[in-house]
Amino acid sequence: MLEMFPYPSGRIHIGHTRNYTMGDVIARYKLSKGFNVLHPMGFDAFGMPAENAAIEKGVHPGTWTYENIRVMREQMKPMGFSIDWSREFATCDVEYYAHQQALFLDMLAAGLVYRKAAIVNWDPVDMTVLANEQVIDGRGWRSGAEVEQRELVQWFFRISDMAEELLAAIDGLDKWPEKVRAMQRNWIGRSEGLQFRFETLGAPPGHETLEVYTTRPDTLFGASFAAIAADHPLARALEDDPAVAAFTAECRRMGTSEEARETAEKKGFDTGIRVRHPFDPSWELPVYIANFILMDYGTGAIFGCPAHDQRDLDFARAYGLPVVPVVSPAGEDFSVDAEAYVGPGRLINSRFLDGMEVAQAIREVIRRAEDGGWGTGVVRYRLRDWGISRQRYWGCPIPVVHCPACGVVPEKKENLPVRLPEDVSFDKPGNPLDHHPTWSRTTCPRCGSHARRETDTMDTFVDSSWYFARFTSPHAPTPTDPDEAAYWMNVDQYIGGVEHAILHLLYSRFFARAMHRTGHLPETAIEPFDALFTQGMVVHETYATRTPEGRTLWHLPGDVVRDEAGARLAEGTLVEIGSPIKMSKSKKNVVDPEPIIARFGADTARWFVMSDSPPERDVEWTAAGAEAAHRHLGRVWRLARDIASETAAGARSADDPGQRPGEEALALLKAAHRAIRDVTEGIEGFAFNKAVAGLYAFTNILARAPAGPETAAARRFAARTLAQLMQPMTPHLAEEAWAMLGGEGLCVSAPWPEADPHMLAEESVTLPVQVNGKRRAEIVVPRGADRAAVEAAVLADAGVQRALGGGSPRKVIVVPDRIVNLVL
RNA sequence: GCCCGAGUGGCGGAAUUGGUAGACGCAGCGGACUCAAAAUCCGCCGCCGCAAGGUAUGCCGGUUCGAGUCCGGCCUCGGGCACCA
């Protein structure tokens, strides 16, 4: 049982409480079912917020992080989670990242890691690399300077080599939500297409051909231009022209994110170069440099068919290029206006392809390209290799050395760990490891001469890509212990937010495979998470004011007075209200669970966050109802106490199984078995809200059951069952009630109750009777009554007769034990 | 922009997956107990209507004896988009 471990941002918020309570409900339920449950906890402790704190408050990232961990651990402990704290670690512990460095070296040796140039967001004022979230409207968040794209040589994991395997294996993840599987499939983005060469006219030497990739070779006769990325070698070759250089520079000022690229206005620069259409040497297309072409995908060059691609259409409209439809839904001529047609159809305006279906035309073009030797059908993936280099201090150092003589040399394993230096300063922009006077000075592990350490640290996604494996043997001298990993892996149930649907979960799947290849995990663990549940997020409005300089100041919900009219700070300043979003420390829209725990206790907090909202759905936080939840738990406690004291005296006779239960006792026993069924199904199906609803209903029935010797045994059984069923959610209350009621040992250790099918069966059933689809009457019939009997009973019913108004039905639809519909 | 979700009373939500829409809870209202209050217990509670009945699951249309559920077209909100974690 594993919940995604938290980033130690400072204090836990109610979203953590909800998430970890869900995990604990499952863990405790599984314990009661007799499983050996491993339920660990740790901290995803490297990352930017610690460095930001260092810059803003002058506190060392390590000090800040470990203090946050201490606070959060102390906040979690009173919640009564069944966590094995002896396995706790933080990813910033040297003991952890030392093993991560060893894994890196093994993967480097296995050819899973390499270096290449890649583009980053560069802040020219702060002289630093920016994360996408630090780029706001194309400017650095601190400096306000226009962000540039810059190329740096960085470290990469070869995840794209496993694209096919990662894609195929998604089919086997049948206990993952379909939406996550769909998102991963789309992310990997397998496509089949044609890669081919255009012959160029007027291009500089070395660029006699232009290689492009397309998934729609069928639309080749609708082509009206070719476009290349600003970083395409051909674009680079043209940069001697100041106009080209100006345009590519402008392209590089865009953010590196896909979103920035896709939402930016489509812009291009006509290079004056032309390419020949492969099927018609007399047909020439202009070559543009365009801001929406990615160098990382395909060949960094495309041909544009505006009629059948929205981006191409936008571009063509902006530059007055022809728009020729070549696929028609009805097979006849049609025109494209503002919206490209991407649906199925037959080819038109396409010479030898006319009349073919899209798929057929694609095959035909590929065949002709291959026959003609100017192109090949290829399979490509959208998935890019995983760049892990970060030019930051607070991360796992990449254990390699740059030697003037030997080049890039892996550090020797016996020299691990490469520790982060303690004495760093954040007063200069850039990576503190670069500024450190001595840290990067070292000797080459191969030749012994003076060398320089790699100052890049690893992406924190690396840390979280194997922590689950480390939990199986957190103190082992190697990254994993084979026996322990074989015993505990895989994670039977993983719980976390949908926001991790792609990156974290895909990287972990890759990493588990990489760990298997390097001998750190058994083959059975290459899919590390058997079942996944993605819980919804706890969201809250944000509250903001602005400083005189225009900077946004965020305010905690606790500091804001909110009513229908709006929100104000205590001293009266009007506050801007932002729509509810995921609780995050940076926006300060966090709610601390501590006041609720202090006032009502951990059980109430647990019970309350499990009530009402379905776990997979986002909830807007409100504390309204916490008090009522607490009153309910008090009611359960009193009920247990009263039943315990009343039946204690006659305990023997009360527990005597030989007595046949009376009618009232039987009704109560049936209710208990229904509750067992409902709660068990609720927990198994991650519908904790329904389990809670079932417990409320059962408690109501138990509280109203008449007292007396006839019902004493049934009430005692019911009360004990209630304690057991509540145990996963409210363990403290459950244990106390269990003890009062004379339960043996711990409630959590008692075997989970099982519903008796005989006690669930009802003899009669109420059938709604509809006339023309509207409900007009109800009849009670024996369960399983046959159609004829039901029909007779229905027609004999006075209410039905009234609704029919003397007429007789044309048709009678009887759904056994469900409904009857009379059609007039 | 692309991909993935979600929308049901005043509120959180339920509905055996095509079969009584609103389980359960919150809030509200009424009552009992109490000198009083709190706590507790009992009852009512989608909307319109005295009632019969009508109407109602984001919007528009469709399939069906029957649609919250299936199909088509929208709207709104949320998540992800590769350096936030």
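Heads up: the structure comes first, above all this text.
Here's a quick rundown of the structure. No experiment lies behind these values; they were computed from the predicted model shown. (Residues numbered from 1 in each chain as written. Chains lettered and ligands numbered in written order. Predicted model: local features only at pLDDT ≥ 70, side-chain atom pairs only at ≥ 80, totals over all residues. Heavy atoms only, no water.)

### Structural notes on the layout of surface pockets
In this approach, a probe sized like a water molecule rolls over the atoms, and the result shows the empty space that is left. Taken as a whole, the second largest pocket holds about 550 Å³ of empty space. Forming the walls of the second largest pocket are 26 residues, and the residues nearest its centre are Met1, Asn490, Val491, Asp492 and Gln493. Elements with a contribution of two residues or more to the lining of the second largest pocket: helix H1 (14-32), helix H15 (482-488) and helix H21 (663-684). Considering each element in turn, the lining of the second largest pocket owes the most residues, three residues, to H1. For the lining of the second largest pocket, the per-class residue count stands at 17 nonpolar, four polar and five charged. (1 Å grid on protein atoms, 1.4 Å probe; cavity = no way out; pocket = protein on both sides within 12 Å on 5 of 7 lines; lining within 4 Å. Points joined across faces, edges and corners; volume = space filled by probe spheres on them. Helix = DSSP H or I, 4+ residues; strand = E, 2+ residues; numbered from the N terminus. Nonpolar A, V, L, I, M, F, W, Y, C, P; charged D, E, K, R; others polar.)

### Observations concerning the sheet that holds strand E3 (residues 128-130)
Judged by pairing direction, the sheet is antiparallel, and its four strands sit side by side in the order E3-E2-E6-E16 without closing on themselves. With one partner strand each, in any of the chains shown, E3 and strand E16 (386-387) form the two edges of the open sheet. Bridge count between strand E2 (residues 113-123) and strand E6 (residues 148-157): ten bridges; the pairing is antiparallel. When the sheet's bridge partners are listed, Ala118 is paired in E6 with Leu152. (Pairing = 2+ DSSP bridges.)

### Side note on the state of the cysteines
Enumeration over the complete set of coordinates arrives at zero disulfides. No disulfide involves Cys92; its sulfur sits 11 Å from that of Cys396, the nearest cysteine. There is no disulfide at Cys403, and the cysteine sulfur nearest it, in Cys447, is 3.6 Å away. On the basis of relative accessible area, Cys403 is assigned to the buried category, the value being 5%. (Disulfide = S-S within 2.5 Å. Buried < 20%, exposed > 50% of the residue type's maximum accessible area, 1.4 Å probe, protein only.)

### What about the protein's contact with RNA strand B?
By nearness alone, 65 residues border RNA strand B, and Asp44, Arg392, Lys690, Arg818 and Asn821 come closest of all. Near the protein, meaning within 4 Å, the atoms of RNA strand B are sugar or phosphate in a fraction of 61%, with bases accounting for the rest. Within the side chain of Arg617, a nitrogen or oxygen atom sits 3.3 Å from a phosphate oxygen of RNA strand B. Broken down by element, the residue count for the surface near RNA strand B peaks at six residues, all from helix H22 (residues 688-704). Of the residues assigned to the surface near RNA strand B, the class counts are 23 nonpolar, 18 polar and 24 charged. (Near = heavy atom within 4 Å. Polar contact = N/O pair within 3.5 Å; in protein donor to acceptor, adjacent residues only side chain to side chain.)

### Brief notes about the pattern of salt bridges
Using the criterion set out here, one finds 48 salt bridges in the structure. Arg252 is the partner of Asp231 in a salt bridge, and the nearest nitrogen-oxygen pair spans 2.9 Å. Placement of the pair is Asp231 in the loop between strand E9 (225-228) and helix H7 (233-237) and Arg252 in helix H8 (residues 242-252), with a sequence separation of 21 residues. As far as burial versus exposure is concerned, Asp231 and Arg252 are alike and both buried. Here Glu250 and Lys267 are joined by a salt bridge, their closest N and O atoms 2.9 Å apart. You can see Glu250 sitting in helix H8 and its partner Lys267 sitting in the loop between helix H9 (258-263) and strand E10 (268-277), a full 17 residues away along the chain. It is possible to trace a salt-bridge network through shared partners that takes in Glu151, Asp231, Arg236, Glu239 and Arg252. (Salt bridge = Lys/Arg side-chain N within 4 Å of Asp/Glu carboxyl O.)

### A short note on the nonpolar core
Within the largest apolar cluster, 146 residues are counted, with the highest numbers of intra-cluster contacts made by Phe104, Phe157, Tyr467 and Phe511. Excluding anything up to four places from it in sequence, Phe511 contacts Leu103, Met107, Phe157, Trp386, Val462, Ser465 and Trp466. The next biggest cluster of nonpolar side chains, apart from the first, holds 40 residues, and it includes Phe196, Ala230, Ala301 and Tyr341. (Core = buried A, V, L, I, M, F, W, Y, C linked by side-chain atoms within 4.5 Å. Contact = heavy atoms within 4.5 Å.)

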